[in-house]
Amino acid sequence: MNSLRTCPVNSSRALQFATWALSASAPLQAQAKSKKTLSKPGVRNVVLVEGVRTPFLQAGTTYADLMAHDLARGALQGLLNRTAFPKEAVDYIVYGTVIQEVKTSNVAREAALGAGFSDKTPAHTVTMACISSNQAMTTAVGLVASGQCDAVVAGGVEFMSDVPIRHSRKMRKMMLSLNRARTLGARLSLLGSLRLSHLVPELPAVSEFSTAEMMGHSADRLAAAFGISRLDQDEFALRSHVLAKKAQDEGLLTDIVDFKVPGKDIVSKDNGIRPSTMEQMSKLKPAFIKPHGTVTAANSSYLTDGASAVLIMSEEKALAMGYKPKAYLSDSFSDFLFHGKLTKMRCVSFSPTYAIPKVLERSGLTLADIDAFEFHEAFAGQVLANLTAMESDWFAQNCMGRKAKVGAPPMEKFNLWGGSLSLGHPFAATGCRLVTMVAHRLKKEGGQYGLVAACAAGGQGHAMLVEACPQ
Amino acid sequence: LFYSCLRGSDRVPLFPSPARTHVNYEVKDNVAVIRINDPTSKVNTLTRQLQDDMMEVLNEVWGNSAVKSAVIISTKPGCFIAGANIDMIKVCKSAEEVSKLSKEGQMMFEKIEKSPIPFVAAVNGTCMGGGLEFAIACHYRVATKSKKTVMALPEVMLGLLPGAGGTQRMPKMLGLPTAFDVMLTGRSIRADKAKKMGLVHHVIDPLGPGVKDPEERLIEYLEEVAVGVAKGLAKKTVTVEKKKGLMQKVQDAVLGIPLVRNQVYKTVTQKVMKQTKGLYPAPLSIIEAVQAGVEKGPAEGYHVEAVNFGKLAMTPESRALIGLYQGQVACKKNNFGKPEREVKSLAVLGAGLMGAGIAQVTVDKGVATILKDTTTEGLARGHDQVYKGLNDKAKKKSITTFERDMTLSFLKGQLDYSGFEKVDMVIEAVFEDLSIKHKVLKEVEAVIPPHCIFASNTSALPIREIAAASKRPEKVIGMHYFSPVDKMQLLEIITTDKTSKDTTASAVAVGLKQGKVIIVVGDGPGFYTTRCLAPTLVEGIRILQEGVGPKKLDSLTTGFGFPVGVSTLIDEVGVDVAAHVAEDLGKAFGSRFGGGNVDVLKTMIQKGFKGRKSGKGCYVYSAKKKDKQVNSGTEEILKAFKLTAPPAVSGDEDVQYRLVSRFVNEAALCLQEGILADPVQGDIGAVFGLGFPPCLGGPFRFLDSFGADKLVQKMKRYEDAYGNQFTPCQLLLDYAKDPSKKFHK
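Please read all numbers here as calculations on a predicted model, not as lab measurements. (Residues numbered from 1 in each chain as written. Chains lettered and ligands numbered in written order. Predicted model: local features only at pLDDT ≥ 70, side-chain atom pairs only at ≥ 80, totals over all residues. Heavy atoms only, no water.)

### A few points about the overall build of chain B
Okay, step 1: Assigned secondary structure in chain B consists of 31 helices and 20 strands.
Okay, step 2: Computed over its C-alpha atoms, the radius of gyration of chain B comes to 28 Å, within 12% of the 27 Å expected for a compact globule of 745 residues.
Okay, step 3: Here the C-alpha coordinates of chain B stretch approximately 85 × 65 × 55 Å along the principal axes.
Okay, step 4: The buried share of chain B, taken over its 745 residues, is 57%.
Okay, step 5: Considering only residue pairs separated by 6 or more positions, chain B has 73% of its internal contacts joining residues 24 or more positions apart.
Okay, step 6: A total of about 31700 Å² of accessible surface is found on chain B, and carbon and sulfur atoms cover 56% of it.
Okay, step 7: Considering chain B, the positive charge centre built from 100 side chains and the negative charge centre built from 81 side chains are found 4 Å apart. (Helix = DSSP H or I, 4+ residues; strand = E, 2+ residues; numbered from the N terminus. Rg over C-alpha atoms; globule rule 2.2 N^0.38 Å. Buried < 20%, exposed > 50% of the residue type's maximum accessible area, 1.4 Å probe, protein only. Contact = heavy atoms within 4.5 Å. Areas by Shrake-Rupley, 256 points an atom, 1.4 Å probe, with all protein chains shown as cover. Lys, Arg positive; Asp, Glu negative; His and termini not counted. Charge placed at Lys NZ, Arg CZ, Asp CG, Glu CD.)

If you want it as structure tokens, here you go:
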């Protein structure tokens, strides 16, 4: 398989195109890959027509005074501008968000209306931690594949410069009772019960509800469980920044659309890409497990503002409308992974290892068939732990019930344009960034199959196979 | 041998030392990593071999100038050191011998404390008794937050004291009040709590699965962290001193005043005396050793600790408590083999106090449980009881609210028999009435699968009579739980001659899963526990009739070592239940169960004095007042049934022995008749189920230490005054005749 993989894949492009265009029922003879194509008989081909994102900025920087739906609007408008897609032809909008702005709880609808989409296009918001936009895309693919829609916009937004900080439960309870109190006396007696403790604010949960553990803490334990050293993590983080910088300098990050911040400059570049030196990185103290932990600010993804959007269509419709689709979105799989004994023993950032073999087996591909890998990088330690687990027979046998290991992706195909560590990680916007980036990489590198994988709090993971469309 | 080892460093060994089996070490970056693992046991204990190996290794480490610091770690999964080896103490014949053991331990730990290089104890798993004393002799402690990591000085529960420097180091480390609390209660301390108390310096979280066994990797990780600390200590980048909070500083300053300290000793002693009634010597010895060390200096402190340790080891109280500990371990095993099918789903009939309690301890272990009742009100009450039990745990932070919710999801409340076709075991906890039990049994047998076991939670009805209505008596068994089920450790399992071995194995397996200490007894009215309790209660009523007030009766029984007085016990059990049992067993056993008049109880029931549950019994219960008042209504009833006390057998001591001798005689009869398989189960059942004084170790241990002959003498006196309820049984007479005969070896 290895030797076959290096063969040029262009030879059968024309044939393949014909196959896809006809929604072919019989796949051609496999030559280079385990499977010629992922097209399935009787199922509509779903394509990624375009994917865009706002520049990802560190929280508290240029976007600081905006709101989540502003960024989302930016991404949606950017998508329309780039594709010149007729707004009324959009059948549905699905948008992800994690930390919800309570004023715009269905941020999908608010942003869509603001971006000038038709008020007849329904929009819903989905939340699934860091794979929220992955789930938005999965929903979109399902809507198109089942024939309910022809064109769906999916995306996600995260705005970490402002988060909802609430009054305490006691205070809220008092304020609500105050609302119902009818007489002045009742009101005064309620106010009389006000104590200093009522005024302590409640921050949005930084830890998971079910395990009461913070993500960084979990990642540190995960790294320790797999014996991933601080040095390895710092090296991987540095790699991410160096590659991202290179991609930025070479102009490969074409998914970015400019964003005009009212009263400020036009933003057109990610601002968190900062290649450092190993020496500088080694000086940082552990951020979560002190003092012996290995996860630091430098080898973790940082709080980021940003939004992304993709246009997902049926292939027939896209071609009929004259678009050149970028990629087929084939098989998408979200896996729930919270078994074990209720406790923190199960590391949450771990699910790609579980989701990937499932998605591969379902599609009949092997790891060797994949030309481009795009993994979400929440923490360097978490990525490396996943890679180690995929290479471990012990893990496969004892934790996954498999006979043998899945195998880890080769680094020369892995996150070559940087990742969440360097580009930034606006939770719910990352999924679309990953898919668009893998499509762009397949095009640039001449590959056929791409694999996207991401993990999320709550022990969930997502994997998706992407197949390049013929040029 | 021990002393030669101590001086080993300046002595050329004449013979090459035999291979070390329990302790080894390697030097990593100038850190000596000393690993403990006893290959002969599942847990590490401080045995002679382990101590010798350790001393040898320590001397090599100290002799190696390249070593700048050391880590002590156990490679045994889930266990650092579980404590000193009890057998080592049990074989000693004199207090002096035990004192010598204590001194040896003290010296080894003192050498570590005074070591020229710093020692880091890396603790994962059980770290108790001598194990904890070892750890606190080290300069720095790192512990994992694994659920198995538990620190404690449980010696007091064995009637001993921490005899290897514990009474001396603990006060210095934790301050007097906390140190007393830890040593006098013997309570278990988890790692994060230990961190807060200042018992450990640093904690690490357990890891998930990686590329090898999680426990194995955790120990490796612990070692990595500990080696890092050890290096830091050697380089002085890590300090041993902890920053003290303001409260701590204030406390230290206050306790620096001798007068205040004296007050602390006094208060603690008073508290101990109040709780133990002076029946347990160990807590007082602990206070004495601590006081000696703090007030007169370490030399005197260590000396008193060692001497007291020796003395305590020779006390009958310590023998009794050690016997109970070992009996408890024995009663946590399934001697009936592995059941053919594991019970994965269970149904409980009746959502009353008992039923809901059984459901709670079952869902707590993740077993799907159906709780069935006949009314929605009953079901709601039962559900609330389970919720409250779990929520209390969450409030105490022993589980999270999330774990509470997930545990509760295993519980299914319903009014019908749907789903019973899939359950593996049914435990009925319906009203104690044979005809109702028969009705329920028939209904259940119509729906359950053939392999399903039917267990009856009854406190007195013979199982064979319940099983008489069954089509499959081999699947019928008794499981007698004690109230409150989530607190009481004992489960009495009753087998009939028809109960199959696999059914018994299954019931024991379920009980063990529920965390119970289990005795398996033969069938008969009242089985074992209720049968011992009934004559004691009847005697209690007699004593009340004779004019001893409920309060006095309570103080006499608690003064003998019972945790709950007889009058209070009647209220707790319920006057109606007590009457029911006394009458039933009275019919079954005749005049031996006579004495008090059951009509006293019946009159109380008529007046609504049903005990705590009705707010009135022997006492009046109100939610507000903590101090309960004697119920004047009951006093009047007692006056109406007044009997004259024969003066010869009515002194305080005689009253106590009248109660105890009837209990013990009935227990001996159970052994004689084969209801009990052995005295160990008899002791465990009496102590854990009925509160027989732990310091006496149970009825059989009591007979061994008190002397069967002495008890028989007393009983003969009572027999003369009262009649045949005090006639000693044949087994007692046999043991009285030959004082060399003992129930426990």
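Now that the structure is up, let's keep going.
### Some thoughts on the pairing of strand E10 (residues 372-375) of chain A
Residues and elements named next belong to chain A.
Okay, step 1: Alternating positions in E10 separate into two faces, Ala-372 and Glu-374 on one and Phe-373 and Phe-375 on the other, with burial throughout.
Okay, step 2: Inspection of the sheet shows E10 paired to strand E11 (residues 449-456) by 4 bridges, in the parallel sense. Each residue of the ladder has a partner; that of Phe-375, found in E11, is Ala-453. (Pairing = 2+ DSSP bridges.)

### Structural notes on the packing of helix H16 (residues 376-395) of chain B against helix H17 (residues 401-408) of chain B
Residues and elements named next belong to chain B.
Okay, step 1: At their nearest, the axes of H16 and H17 sit 9 Å apart, and the two run at 155° to each other. When the axes of H16 and H17 are compared, the pair comes out roughly antiparallel. Where H16 crosses over H17, the handedness of that crossing is right-handed. Contacts from His-383, Val-386, Tyr-387, Leu-390, Asn-391 and Ala-394 of H16 reach H17 at Thr-401, Arg-404, Thr-407 and Leu-408.
Okay, step 2: The residue inventory of the contact of H16 with H17, partitioned by class, reads 5 nonpolar, 4 polar and 1 charged. (Axes fitted to C-alpha atoms, helices over the stretch in contact; angles between N-to-C directions. Parallel < 35°, antiparallel > 145°, perpendicular 65-115°, else oblique. Left-handed = near helix turned anticlockwise from the far one by under 90°. Nonpolar A, V, L, I, M, F, W, Y, C, P; charged D, E, K, R; others polar.)

### Here's the deal with the pattern of salt bridges
All names here are of chain B.
Okay, step 1: For the structure on display, the rule yields 60 salt bridges over all chains.
Okay, step 2: Residue Lys-602 is joined to Glu-583 by a salt bridge in which the shortest nitrogen-to-oxygen separation is 2.4 Å. Pair noted here: Lys-602 is in helix H25 (residues 598-606) and Glu-583 is in helix H24 (residues 575-589), with a separation of 19 residues, a long-range link.
Okay, step 3: For Lys-602, a relative accessible area of 31% gives the class partly exposed.
Okay, step 4: Taking the relative accessible area as the measure of exposure, Glu-583 reaches 30% and is therefore partly exposed.
Okay, step 5: The salt bridge involving Lys-714 is made with Glu-653; its shortest N-O contact spans 3.2 Å. Here the residue Lys-714 occupies a position in helix H30 (residues 708-722), and Glu-653 occupies one in helix H27 (residues 652-673), the gap between them amounting to 61 residues.
Okay, step 6: Looking at Glu-653, the relative accessible area reads 45%, which means it is partly exposed.
Okay, step 7: Look at the salt bridges and you will find they share partners, linking Glu-539, Arg-542, Glu-546, Arg-658 and Arg-662 into a network. (Salt bridge = Lys/Arg side-chain N within 4 Å of Asp/Glu carboxyl O.)

### Digging into the environment of Lys-120 of chain A
Okay, step 1: Tracing the backbone through its elements, the reader meets Lys-120 of chain A in the loop between helix H4 (107-114) and strand E4 (123-126).
Okay, step 2: Residues Lys-120 of chain A and Ala-307 of chain A, 187 residues apart in the sequence, show an inter-C-alpha distance of 23 Å.

### Considerations on the sheet that holds strand E9 (residues 189-190) of chain B
Residue and element names in this part refer to chain B.
Okay, step 1: Taken in spatial order, the 4 strands line up as E4-E6-E8-E9 in an open sheet, and their pairing is mixed. The open sheet has two free edges, formed respectively by strand E4 (79-81) and E9, since each of these has just one partner strand.
Okay, step 2: Strand direction decides the pairing type here: strand E8 (residues 150-152) and E9, joined by 2 bridges, are antiparallel. Within the sheet, the bridge partner assigned to Met-151 lies in E9 and is Ile-189.
Okay, step 3: Against the sheet, helix H5 (residues 130-137) engages E4, strand E6 (126-128) and E8, with an angle of about 85° to E6.

### Here's the deal with the interface of chain A and chain B
Okay, step 1: With 21 residues of chain A at the contact, the number on the chain B side is 20 residues.
Okay, step 2: Interface area, chain A with chain B, both sides summed: about 1900 Å², of which 68% is carbon and sulfur.
Okay, step 3: In this assembly, chain A and chain B are joined by 0 salt bridges.
Okay, step 4: Along the contact surface separating chain A from chain B lie 6 residue pairs in polar contact (both at pLDDT 80 or more).
Okay, step 5: Looking at which element gives the most residues to the side of chain A that touches chain B, the answer is helix H8 (residues 215-225) of chain A, with 4 residues.
Okay, step 6: Counted by class, the side of chain A that touches chain B contains 10 nonpolar, 7 polar and 4 charged residues. (Buried area = accessible area lost by both parts, 1.4 Å probe. Polar contact = N/O pair within 3.5 Å; in protein donor to acceptor, adjacent residues only side chain to side chain.)

### Focus: the UniProt feature "site: Important for hydroxyacyl-coenzyme A dehydrogenase activity" (unreviewed entry) in chain B
All names here are of chain B.
Okay, step 1: UniProt records the feature "site: Important for hydroxyacyl-coenzyme A dehydrogenase activity" (unreviewed entry) at His-480, using the numbering of this structure.
Okay, step 2: Locating His-480 in the fold gives a position in strand E16 (residues 476-481).
Okay, step 3: With relative accessibility at 6%, the residue His-480 sits in the buried group.
Okay, step 4: Once residues within four sequence positions are removed from consideration, His-480 is found in contact with Asn-457, Thr-458, Ser-459, Leu-490, Leu-491, Glu-492, Ile-494, Phe-527, Thr-529 and Thr-530. (UniProt positions renumbered as here; feature names shortened; annotations may be inferred.)

### Some details on the packing of helix H14 (residues 316-330) of chain B against helix H28 (residues 679-690) of chain B
Residues and elements named next belong to chain B.
Okay, step 1: The geometry of H14 relative to H28 is characterised by a closest axis approach of 9 Å and an angle of 100° between their N-to-C directions. By the criterion of interaxial angle, the relationship of H14 to H28 is roughly perpendicular. On the side of H14, the interface is formed by Leu-324, Gly-327 and Gln-328, while H28 contributes Val-680, Asp-683, Ile-684, Val-687 and Phe-688.

### Section: the packing of aromatic side chains
Okay, step 1: Inspection of the entire model under this criterion finds 23 aromatic pairs over all chains.
Okay, step 2: With a centroid separation of 5.0 Å and an interplanar angle of 15°, the aromatic rings of Phe-702 of chain B and Phe-706 of chain B are classed as stacked. With Phe-702 of chain B and Phe-706 of chain B both in helix H29 (residues 699-706) and 4 residues apart, the pair spans about one turn of that helix.
Okay, step 3: The exposure class assigned to Phe-702 of chain B is buried, which follows from its relative accessible area of 2%.
Okay, step 4: Under the relative-accessibility criterion, Phe-706 of chain B is labelled buried at 16%.
Okay, step 5: A connected cluster of aromatic rings, assembled from ring pairs, spans Phe-560, Phe-562, Tyr-657, Phe-663, Phe-692, Phe-702 and Phe-706 of chain B.
Okay, step 6: Its guanidinium or amino end placed over the ring of Phe-56 of chain A, Arg-53 of chain A lies 4.3 Å from that ring's centre, counting from NZ or CZ.
Okay, step 7: For the cation-ring pair, Lys-710 of chain B lies above Phe-706 of chain B, with the distance from its terminal atom to the ring centre recorded as 4.5 Å. (Phe/Tyr/Trp six-rings, centres within 6.5 Å; stacked < 30°, edge-to-face > 60°. Lys NZ or Arg CZ within 6 Å of the ring centre and 35° of its normal.)

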